[in-house]
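# Analysis of the macromolecular model
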Amino acid sequence: MTSERMYMKTMSRSTNSLYYSSIANLRSNTYSSSINSSCSSWNTQLRELAKQGQYQKALNLYPQLVSSGASPNAFTFPFALKSCAALCLPVPGQQLHAHVIRTGCHSEPFVQTALMSMYCKCSLVENARKLFDESPYARTLTVCYNALIAGYTHNFELCNAVLLFCKMRLLDVSVNSVTMLGLIPGCTVPLHLGFGMSLHCLNVKCGLDGDMSVGNCLLTMYVRCGSVCSGRKFFDDMHEKGLITWNAMISGYAQNGHASLVLDLYREMELKGMSPDPVTFVAVLSSCANLGASKIGTEVEQKIKRRGFGYNLFLQNALINMYARCGNLVRAHTIFNDMPEKNLVSWTAIIGGYGIHGHGENAVQLFDQMIDAGIQPDKTVFVSILSACSHAGLTDRGLKYFDSMEKKYGLQPGSEHYSCVVDLLGRAGRLKEALGLIESMPDKPDGAVWGALLGACKIHRDVELAELAFERVIELEPTNIGYYVLLSNLYSETKNMEGILKVRVMMRERKLRKDPGFSSVEYSGRTHLFMAGDRSHPQTEGIYAMLYRLEDLTKEANESEKNDEDGRNSELGNNTRVHSERLAIAFALMNTALGSQILVTKNLRVCGDCHVFIKLVSKIVDRQFVIRDATRFHHFQNGVCSCNDYW
DNA sequence: TTAGGGTTAG
């Protein structure tokens, strides 16, 4: 939808027609009789609304101002233009530009700057540049450079931003912290980090390093480039830290997958007396979801309610995601149902939640409901639904959705969708079709696509095709150890000793080592990680003692099951749902003590001796249980996983 | 009464 159509839709019909008729009045100069009317009270209202972020209301006020007979002056336009910029509405913005010229306000520098900024934010940087080049004074004003530099950066034209910055320096126009704030966000990809670091040096050289906003921006740059350690060092060295500083570091950890560090820093933040806001909670909840730490997540939910953030859409979506990923689909669905307003992310979170737990039918039902509700799907929700169909064995349904992506919704499938469909076909044993699909891909398939085929070959023991998929996948991801292990396991299952040896030699030659598996348990608000043979926990002796007394574990499991009336379990962080904290710790230790790779890293799909562990758990907990790996939950009954995957 | 900027979910 174009911005103009969006604008038309968001404005009420009456205000809209008023707006356009007021423009017609200006064009025909019929307003000239009332040109002397004062507009200062209108300007005050406009300013207040724009400052409060009520941009639509501010913009709606403008046609009222004109039709009342008041004449807009130079102080009217910056607020009206700012509102257009914030709402990304280029058409009203251009009409305001025409008004600016008609009313003779175009010679005011601050009006010119507001116009440039508006064009930049509406992705019309060339219009802004034209204004800049034609203006007699813009090349001497820092604010004009700042507006245009930020515009180039936001429109992914870092090169032009840098050129303009150089021009500014050559002409000796003073650089201030806002110049930095416009440039640094262009350096949030690893390729540009070097330039960002030189800006960091320049910032210190110019004596601007006391500015917290620039510090926040630099911190974000480091963490977004994946330089988490540099970011943390910079964070620790910052003289003054505000809420945004803490949020930038916490979100940085979350975005880089350091979920435990997120929780540590969150705790530190609270101890320092800094009050978290919705941005903090979003990162914390996302980390709870990754760690399976639903108890901490529930505490966060209480805090959110106490702070009055309960209706924040971001937080509601983060809560759905957290509960769904931790296995509490009932709570996730309740939050989803209770939401007064749902967006595409809310639907994606709940659909994905059902998908990862193997409840494909629910996911499909929800997806169809979403379409009926008039929500336009995007590529991300298609990944969720295709993956849900794949895990639940809904092959034809999944293929139908895949087919509809482009035909019905105009969405070009990406490699992530192809890998889901390869997985979908592969799990159903349709390996040749899966290969055909890969060969028909418009772009070169990535590692995940060939990896999905390799995984399917492993399930169906197709050695020949597995070898082809393996060859392709390691060309693309030569250091991804999971694929070597997958092929090795297939050779092992088919008693191909020569093959096993071949893979081992390759791994040794490439100096690849398996990441150590670990378990985690959430207890008293902290997440404890255990490695195989790990004895670093302060209560190691007691835990190991318990570990070797299986009868006690059985007894405790039975007792806690009796007490488990409301169906809410204590949880073993990333692995097994159990019914007592002590039992949970013992399980975690048992897992690691046996060297079983229950919890695997993103790329490592191997379970080592986990079958031993599963048999033990089955003995102790004579009921269904759930184990979670890096990608999803596995539901076991009588020691067998329903997905029949790689256990 | 005036222009430029930084952190958030699937």
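Not measured: the values here are computed from a predicted model.

About the cut-offs
Each chain has its residues counted from 1, following the order in which its sequence is written. Here the convention is simple: chains get letters from A, ligands get numbers from 1, in the order in which they are written. pLDDT decides what is reported in this predicted model: residues at 70 or higher carry local features, side-chain atom pairs at 80 or more are listed and counted, and totals for whole chains, interfaces and linings draw on all residues regardless. Excluded from the side-chain calculation are hydrogens and water; included are all heavy atoms of the structure. The way it works is that DSSP assigns letters per residue, a run of H or I at least four long becomes a helix, a run of E at least two long becomes a strand, and they are numbered from the N terminus. Relative accessible area decides the class of each residue, using a 1.4 Å probe on protein chains only: under 20% of the type maximum gives buried, over 50% gives exposed, and in between gives partly exposed. We call two residues in contact when some of their heavy atoms are within 4.5 Å. Areas reported here follow the Shrake-Rupley algorithm with a probe of radius 1.4 Å; residue values treat only the protein chains shown as occluding. We define a salt bridge as a contact between a side-chain nitrogen of Lys or Arg and a carboxyl oxygen of Asp or Glu at a distance within 4 Å. For this purpose, a residue is taken to be near a molecule or strand whenever a single non-hydrogen atom of the residue falls within 4 Å of it. Think of a polar contact as two N or O atoms within 3.5 Å of one another; within protein, one of them needs to be a possible hydrogen donor and the other a possible acceptor, and neighboring residues in sequence only count if both atoms come from side chains. A pair of Phe, Tyr and Trp rings is counted when the ring centres sit within 6.5 Å of each other, with Trp represented by its six-membered ring. The angle between the planes then sorts it: under 30 degrees is stacked, over 60 is edge-to-face, the rest tilted. Any Lys NZ or Arg CZ that is within 6 Å of a ring centre and within 35 degrees of that ring's normal is treated as a charge sitting over the ring. UniProt positions are given in the numbering used here, feature names are shortened, and annotations may be inferred rather than shown by experiment.

## Observations concerning the overall build of chain A
The number of helices and strands found in chain A is 34 helices and seven strands. Counting over 647 residues, chain A shows a buried share of 51%. Sequence-distant contacts in chain A: of pairs separated by 6 or more residues, those separated by 24 or more amount to 61%. Accessible surface, chain A as shown: approximately 30500 Å² in total, 53% of it carbon and sulfur.

## Examining the pattern of salt bridges
Tallying each qualifying case throughout the model produces 19 salt bridges. As a salt-bridge pair, Arg232 and Asp236 come within 3.1 Å of each other at their nearest N and O atoms. One end of the pair is Arg232 and the other is Asp236, both in helix α14 (residues 228-237) and four residues apart, which spans about a single turn. For Asp236, a relative accessible area of 43% gives the class partly exposed. Put simply, Glu471 and Arg472 hold a salt bridge, and the shortest N to O gap is 3.7 Å. Within the structure, one salt-bridge network assembled from shared partners comprises Arg232, Asp236, Glu268 and Lys272.

## Some remarks on the protein's contact with DNA strand B
Inspection of the region around DNA strand B gives 39 residues, with Phe110, Asn146, Asn176, Ser213 and Asn216 positioned closest. Counted by atom, the contact set of DNA strand B within 4 Å of the protein is 48% sugar and phosphate. Within the contact set of DNA strand B, a base nitrogen lies 3.2 Å away from a side-chain nitrogen or oxygen of Thr113. Within the side chain of Ser213, an N or O atom sits 2.3 Å from a base nitrogen of DNA strand B.

## Let's talk about the packing of aromatic side chains
Here the structure, examined in full by the defined rule, presents 13 aromatic pairs. Their ring planes at 85° and their centres at 5.1 Å tell us that Phe235 and Trp246 sit as a pair that is edge-to-face. Note that Phe235 is positioned in helix α14 and Trp246 in helix α15 (residues 243-255), a separation of eleven residues in sequence. Take Phe235: its relative accessible area is 1%, and that puts it in the buried class. Both rings, one in Phe470 and one in Tyr484, keep their centres 5.4 Å apart while their planes meet at 85°; by these two values the pair is edge-to-face. A residue pair is termed long-range when its members are at least 10 positions apart, and Phe470 in helix α28 (residues 463-476) and Tyr484 in helix α29 (residues 481-493) qualify at 14 residues. Accessibility assignment for this pair places Phe470 and Tyr484 in one class, buried. Taken together, the ring pairs connect Phe367, Phe382, Tyr401 and Tyr409 into an aromatic cluster. Directly above the ring of Phe336 sits Lys342, whose terminal nitrogen or CZ lies 5.1 Å from the centroid.

## What to know about unusual backbone geometry
One non-glycine residue with positive phi stands out, namely Arg461, at about 55°. Note that Arg461 resides in the loop between α27 (447-460) and α28. In the Ramachandran plot, Lys511 falls in the positive-phi region, its phi being about 55° despite a non-glycine side chain. Mapped onto the elements of the fold, Lys511 is located in the loop between α30 (497-509) and β1 (518-523). A relative accessible area of 75% places Lys511 in the exposed class.

## Observations concerning the UniProt feature "repeat: PPR" (unreviewed entry) in chain A
Mapped onto this numbering, the UniProt entry annotates "repeat: PPR" (unreviewed entry) at residues 38-72, 242-276 and 343-377. Within residues 242-276, the helical portion is 74% and the strand portion 0%, while the C-alpha atoms at the span's ends are 11 Å from each other. Taken end to end, residues 343-377 is 74% helix and 0% strand, and its two terminal C-alpha atoms sit 10 Å from one another.

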